[in-house]
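# Topology and contacts: notes
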Amino acid sequence: MPLDPATGVYYELGGPAAGAPLLITLPLMASFVEIFGPELEPALRGYLDRLVDRYRVLRVDYPGIGRSRDIAPEPLTAERVCADLLGVATAAGFDRFAYWGYSWGGSVGLQLATRTDRLSALVVGGWPALGGPYDALLAAARRKQPNPEPASLKVLRRPEQYAQWIEYGQSIAGWREHEAVARIACPRMNLFGSEGDLVEAGIPVPIASCIRAHRGTLEALGWRVHEIAGHGHALCMLPEVAVPPVRAFLDAVT
């Protein structure tokens, strides 16, 4: 499969050529099995088997992971991330497309939806569409950067790459979140596990509780908010749980 020469992003496509375009980002990378090992291949298959009958699924090795070219940490701003994802979508033959991201990928979806009219639908998983704990996550990234945890190093090529999360977080400092989110016009969904609050480097990163606190406002803005009881932030690795509600939403709006 191709490496987009403009962005340096390696990508893979699955599903019918005439299927509805769907870009899925972290953690469902193009090199998912190579990164996580064959023991997690059933999770990948669980996603694809539930989607590729109708959707043309685009997966990417981004940022600077798997078979993609390296990206230095410093340029990894929200503007760069959005430009790269739009560029690789174009290289894959997508004009308008649905976007589904989880955790950091979910936060990127919010940035993308405020910068382009090419999204036919937006699914933000494992991250609050309003009230996001950006400052807490940035503080945790700064604390962890000298010694990233093994889970991060399984994805990254070298520890120095971890600084990219700091650069990204700094690039959206002061983002006028409510104003920007209120302008998102495409159909949109916020999905999360009820036990999805985190503690990173000793710093609370409230995710589930933030989404619940803003649920009324989000629904008034036109968001579909879907809470899955009994699951935490690792919900994204359980396609049998995560895919059905998202599939139902996408089928209804795309």
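The structure under discussion appears in the preceding block.
Residues numbered from 1 in each chain as written. Predicted model: local features only at pLDDT ≥ 70, side-chain atom pairs only at ≥ 80, totals over all residues. Heavy atoms only, no water.

## Quick look at helix α5 (residues 134-144)
Where we set the bar: For every residue, the accessible area obtained with a 1.4 Å probe (protein chains only) is divided by the maximum for its type, and the residue is called buried under 20%, exposed over 50%, and partly exposed between those limits. Segments assigned H or I by DSSP are reported as helices when at least four residues long, segments assigned E as strands when at least two residues long, and all are numbered from the N terminus. Residues are treated as being in contact if the distance between any of their heavy atoms lies within 4.5 Å.
Three or more residues of α5 are buried, namely Y134, A136, L138, A140, A141 and K144. Close packing links the buried residues of α5 with α4 (104-113), α7 (163-171), α8 (177-182), β7 (198-200) and β8 (203-205).

## A look at the nonpolar core
Formally: Think of a nonpolar core as a cluster: buried Ala, Val, Leu, Ile, Met, Phe, Trp, Tyr and Cys residues, connected wherever their side-chain atoms sit within 4.5 Å.
Among the nonpolar cores identified, the biggest contains 86 residues, and L110, L122 and W223 are the most heavily contacted of them. If one sorts the elements of this core by residue count, helix α3 (residues 78-91) sits on top with seven residues. Leaving out residues up to four positions away in the same chain, L122 has contacts with Y99, G109, L110, A113, I184, C186, P187, R188, M189, W223 and F249.

## Details of the sheet that holds strand β6 (residues 188-193)
Pairing between the strands of a sheet comes from backbone hydrogen bonds, and it takes one of two forms, parallel or antiparallel. Put simply, the rule reads: Strands qualify as paired when DSSP identifies two bridges or more between them. Axis definition: a line fitted to C-alpha atoms, limited for helices to the stretch in contact. Angles are taken between N-to-C directions and run from 0 to 180 degrees.
Within the open sheet, the seven strands sit side by side as β1-β3-β2-β4-β5-β6-β9. Their pairing is mixed. The open sheet has two edge strands with one neighbour each: β1 (11-14) and β9 (224-228). Taken over all neighbouring pairs, the strand axes of this sheet differ in orientation by 20 degrees on average, direction set aside. Judged from the five bridges that link them, strand β2 (residues 20-24) and strand β3 (residues 55-60) form a sheet pairing that is parallel. Paired with L23 across the bridge in β3 is L58. Helix α2 (residues 41-51) rests against β2, β3 and β4 (97-102) of the sheet, and its axis sits at about 150 degrees to β3. Contacting β4 and β5 (119-125), α4 runs over the sheet at an angle of about 145 degrees to β4.

## Brief notes about the packing of α5 against α7
Going by this rule: Throughout this description, any angle smaller than 35 degrees is read as roughly parallel, any larger than 145 degrees as roughly antiparallel, any in the 65 to 115 degree range as roughly perpendicular, and the remainder as oblique. Left-handed describes a crossing in which the near helix is turned anticlockwise from the far one by less than a right angle; the clockwise case is right-handed. Classification convention: Asp, Glu, Lys, Arg as charged; Ala, Val, Leu, Ile, Met, Phe, Trp, Tyr, Cys, Pro as nonpolar; all other residues, Gly among them, as polar.
Look at α5 against α7: their axes get within 9 Å of each other, and the N-to-C directions meet at 150 degrees. With respect to their mutual orientation, α5 and α7 come out roughly antiparallel. Both α5 and α7 take part in a crossing whose hand is left-handed. Facing L138, A141 and R142 of α5, the residues of α7 in contact are W165, I166, G169 and Q170. Partitioned by chemical class, the residues of the contact of α5 with α7 number four nonpolar, two polar and one charged.

## Here's the deal with the state of the cysteines
Should the sulfur atoms of two cysteines be covalently bonded, the bond is a disulfide. Here is the rule we go by: The criterion for a disulfide is a pair of cysteine sulfur atoms lying within 2.5 Å.
Taken as a whole and assessed by the stated rule, the structure comprises zero disulfides. Free cysteine: C210, not disulfide-bonded; nearest cysteine sulfur from C236 at 18 Å. Residue C210 is classed as buried on the basis of its relative accessible area of 13%.

## Some words on α7
Taken as a whole, α7 has its buried residues at A163, Q164, W165, I166, Y168 and G169. Tucked inside the fold, the buried residues of α7 contact α3, α4 and α5.

## Quick notes on the side chain of T25
Rules: Here a polar contact means two N or O atoms within 3.5 Å. Within protein one must be a hydrogen donor candidate and the other an acceptor candidate, and residues neighboring in sequence count only if both atoms are side-chain atoms.
Tracing the backbone through its elements, the reader meets T25 in the loop between β2 and α1 (32-36). Only 3.0 Å separates the side chain of T25 from the side chain of Y99, close enough to count as a polar contact. Each residue touching T25, except ones within four places of it in the same chain, is listed here: V60, Y99, W100, G101 and G105.

## What to know about the packing of aromatic side chains
Quick note on the threshold: What counts as a ring pair is set by centres within 6.5 Å for rings of Phe, Tyr and Trp (its six-membered ring), and what kind of pair is set by the plane angle: stacked under 30 degrees, edge-to-face over 60, tilted for all other angles.
Counting across every chain of the model gives seven aromatic pairs. Measuring from ring centre to ring centre gives 5.6 Å for Y47 and W100, while their planes differ by 55 degrees; the resulting arrangement is tilted. Note that Y47 is positioned in helix α2 and W100 in strand β4, a separation of 53 residues in sequence. Overall, the relative accessible area of 5% leaves Y47 in the buried class. Taken together, the aromatic side chains of W104, W165 and Y168 make up a single cluster linked through ring pairs.

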